[in-house]
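Below, each chain spelled out in residue letters.
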Amino acid sequence: MIYPRFMADSFWNFSEACELVGARYPAIPLGLITVAALLPKSWNVRLVNRNTEELAESDLDWADMVMTGGMLFQQADSLELIDMCRARGLPVVVGGPDATSSPHRYESANFRILGEVEDIIGQFIADWEQGTREGTYVAPKFQVDVTKTPVPRFDLLKFEQYLYIGVQFSRGCPFTCEFCDIIELYGRSPRTKTHDQMLAELEALYQLGYRGHVDFVDDNLIGNKKAIKAFLPVLENWIAQHDYPFEFTTEASLNLADDGELLAMLKRSNFFAIFVGIESPDTETLIAMRKKQNTRRSIPESVHKIYHAGMFVTAGFIVGFDSERGSVAEPMVELIEESAIPIAMVGLLYALPNTQLTRRLAREGRLHVDHDSAPAGKGDQCTAGVNYETKRSRLEILRDYRKILERIYDPDAFCGRLERLAGMLDCSGRRKELPEGDIRRRLSTINMVHELLSRLPEGRERFWKAFTTCMSKNPQSVRAIVTLMAFYLHVGPYSRYVMKQIDRQIEDLEAGRFVAPKLLPAVAVPEPTAPVPVAVNA
Ligand code: SF4
């Protein structure tokens, strides 16, 4: 199993923060190790993650078959791997979200396993054992019973390579955001694992000796509130019985803030941070993108409620929607400042394959020809976004975007948000000491804080001041504040890098050098009305 490399230049790799604590990459290849658990016990599996280690010739010599696959921004490396394997006559099997959304990009692989794998892997294994060496297997949409999904093969991981380990409780999200591919891949009716299953996963990690940060990778952990509320007391009990070996994070929709009981349950279960998709300060834009759950509320107040419950918020924002009437820079910066969100992932809108947005743009004839191929050298939507013909001028969108990055990742602005966060984050009841073996313990010594600050490319004095201010305001917030400062080691310089890239695009537009990519002709793409039927081994 080979997990393809993500492009190096990305908001999400937090490379400097990883280096600080001795890790090599933030997240594990949870999909591949779940597939590994579904394979026959007699098959020997070796895992190579190209984000954390080198693929050796001897690995390929050893293998009878290579399984690979990942997300859009792993596409280039996936295709390179497929070519490499085919050149040496090694059969290669590809799956995962990008192959599922854009199977035509992966025609060079011997096998394509598309969609959720659990119900179709058996057919693939039987065919392979009988000598089949080519085929496509398509899972019926949203039908997998995740209560039957086995415990992922955590034993294949080298824990020390990662900032955190992922587990998954649910698949799917009930909301309808136009730009989102999660609801197309996993459906709008969240399916959840059983309590015993989740405890077995946590127990497996515990028995393997892992201690530290565990991320629930669910795209919306509270998509089925009843199910998560039933599970959290079980989790709370387990974590207390095991003397708090893990601290948790997850993603959730902003309506989490409306449920005080759920917030308190998450806090008691040792959750310390939540990623929330906020997207835009503009209500009309939120309505147009079908993200109504973020309307009819004060977004800053909702974020502050999560702070008062003891969890800090990181958030996603997007620039480039059709409904933006004019500049969104000022209101977006104000919203980030007022909410006091230190780490805001602000990206350009990217029409991902297999979304309502992409189907609409296809109908309107506004998609760039290569909209579904990962652009060379670009690691995420910060530099690769706007892969469609815009309604508002492209130049204005890019100027807006640049202005936002410049403002929010200015050291003074970032530190100001840290200080305001420290004033709101209620860490009462949270354990001061992290467990033995948790790599984040390295961040808790004053020497490490010195080291962190000495690595900052700019504004060190301002960061010291922020550190001491946060300590005097709320000493218990120290862990969160230092963690966020460690993330700034990456996002500060990365935002400057993105600004340079955007500057180049702006200059080209201003000088008339920008050549607009060709557009695909308008096509009548219908919205899917029912789950796609099964097509096995076509
Ligand atoms: S809330 Fe998140 S996961 Fe759910 S549809 Fe919207 S973007 Fe997708």
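K.L.:
Mind showing me how you'd approach the packing of aromatic side chains here?
P.N.:
The geometry of an aromatic ring pair is captured by two quantities: the separation of the ring centres and the angle between the planes. Using the criterion set out here, one finds 31 aromatic pairs in the structure. Plain terms: the ring middles of Tyr 210 and Phe 246 are 6.0 Å apart, the flat faces sit at 25° to each other, and that makes the pair stacked. Of the two residues, Tyr 210 is situated in the loop between α8 (195-207) and β10 (212-216) and Phe 246 in strand β11 (residues 246-251); the sequence distance between them amounts to 36 residues. For Tyr 210, a relative accessible area of 6% translates into the label buried. Residue classification places Phe 246 among the buried positions, given a relative accessible area of 1%. When the centroid spacing of 4.9 Å and the interplanar angle of 50° are considered together, the rings of Phe 463 and Tyr 488 count as tilted. Note that Phe 463 is positioned in helix α19 (residues 460-473) and Tyr 488 in helix α20 (residues 478-510), a separation of 25 residues in sequence. By way of ring pairs, the aromatic residues Phe 159, Phe 169, Tyr 206, Tyr 210, Phe 216, Phe 231, Trp 238, Phe 246, Phe 248 and Phe 271 are connected into one cluster.

K.L.:
Would you explain the pattern of salt bridges in this entry?
P.N.:
Side-chain pairs of opposite charge can arise whenever the charged atoms involved come near each other. All chains considered together, the criterion is met by 53 salt bridges. In this structure, Arg 455 and Glu 19 form a salt bridge, with 3.4 Å as the shortest nitrogen-oxygen distance. Of the two residues, Arg 455 is situated in helix α18 (residues 446-455) and Glu 19 in helix α1 (residues 15-21); the sequence distance between them amounts to 436 residues. Taking relative accessible area as the criterion, Glu 19 reaches 55% and is therefore assigned exposed. The salt bridge involving Arg 105 is made with Asp 370; its shortest N-O contact spans 3.7 Å. Remark: Asp 370 occurs in the loop between α14 (356-363) and α15 (381-384) and Arg 105 occurs in the loop between α5 (97-101) and β5 (111-114); sequence separation between them is 265 residues. Look at Arg 105 and you get partly exposed, because its relative accessible area is 25%. Members of the salt-bridge network, linked through shared partners, are Glu 178, Asp 322, Arg 360, Glu 364 and Arg 366.

K.L.:
Even after reading the chapter, I still don't get the side chain of Ser 280, so can you show me in this structure?
P.N.:
Here Ser 280 shows up in the loop between β12 (271-279) and α11 (283-288). By relative accessible area, Ser 280 is classed as buried at 1%. Among all residues touching Ser 280, those that are not within four sequence positions of it are Thr 285, Leu 286, Met 289, Ile 299, Met 332 and Leu 335.

K.L.:
I would appreciate a short explanation of unusual backbone geometry in the present structure.
P.N.:
Glycine aside, residues mostly have negative phi, and peptide bonds are mostly found in the trans state. One non-glycine residue, Phe 142, lies in the positive phi region at around 60°. For Phe 142, the position within the fold is in the loop between β6 (135-138) and β7 (165-167). Exposure remark for Phe 142: the relative accessible area of 27% places this residue in the partly exposed category.

K.L.:
So what exactly am I meant to see when it comes to the packing of helix α13 (residues 329-339) against helix α16 (residues 394-408) here?
P.N.:
Packed helices, taken two at a time, are described by the angle their axes make and the gap between the axes. Where α13 contacts α16, the two axes come as close as 9 Å, and the packing angle between them is 30°. Considering their axes alone, α13 and α16 lie roughly parallel with respect to each other. In this structure, the crossing between α13 and α16 has a hand that is right-handed. Where α13 abuts α16, its residues Ala 329, Glu 330, Met 332, Val 333 and Ile 336 lie against Asp 400, Lys 403, Ile 404, Arg 407 and Ile 408. Residue composition of the contact of α13 with α16, grouped by class: 6 nonpolar, no polar and 4 charged.

Calculation rules
- Residues numbered from 1 in each chain as written.
- Predicted model: local features only at pLDDT ≥ 70, side-chain atom pairs only at ≥ 80, totals over all residues.
- Heavy atoms only, no water.
- Phe/Tyr/Trp six-rings, centres within 6.5 Å; stacked < 30°, edge-to-face > 60°.
- Helix = DSSP H or I, 4+ residues; strand = E, 2+ residues; numbered from the N terminus.
- Buried < 20%, exposed > 50% of the residue type's maximum accessible area, 1.4 Å probe, protein only.
- Salt bridge = Lys/Arg side-chain N within 4 Å of Asp/Glu carboxyl O.
- Contact = heavy atoms within 4.5 Å.
- Axes fitted to C-alpha atoms, helices over the stretch in contact; angles between N-to-C directions.
- Parallel < 35°, antiparallel > 145°, perpendicular 65-115°, else oblique.
- Left-handed = near helix turned anticlockwise from the far one by under 90°.
- Nonpolar A, V, L, I, M, F, W, Y, C, P; charged D, E, K, R; others polar.

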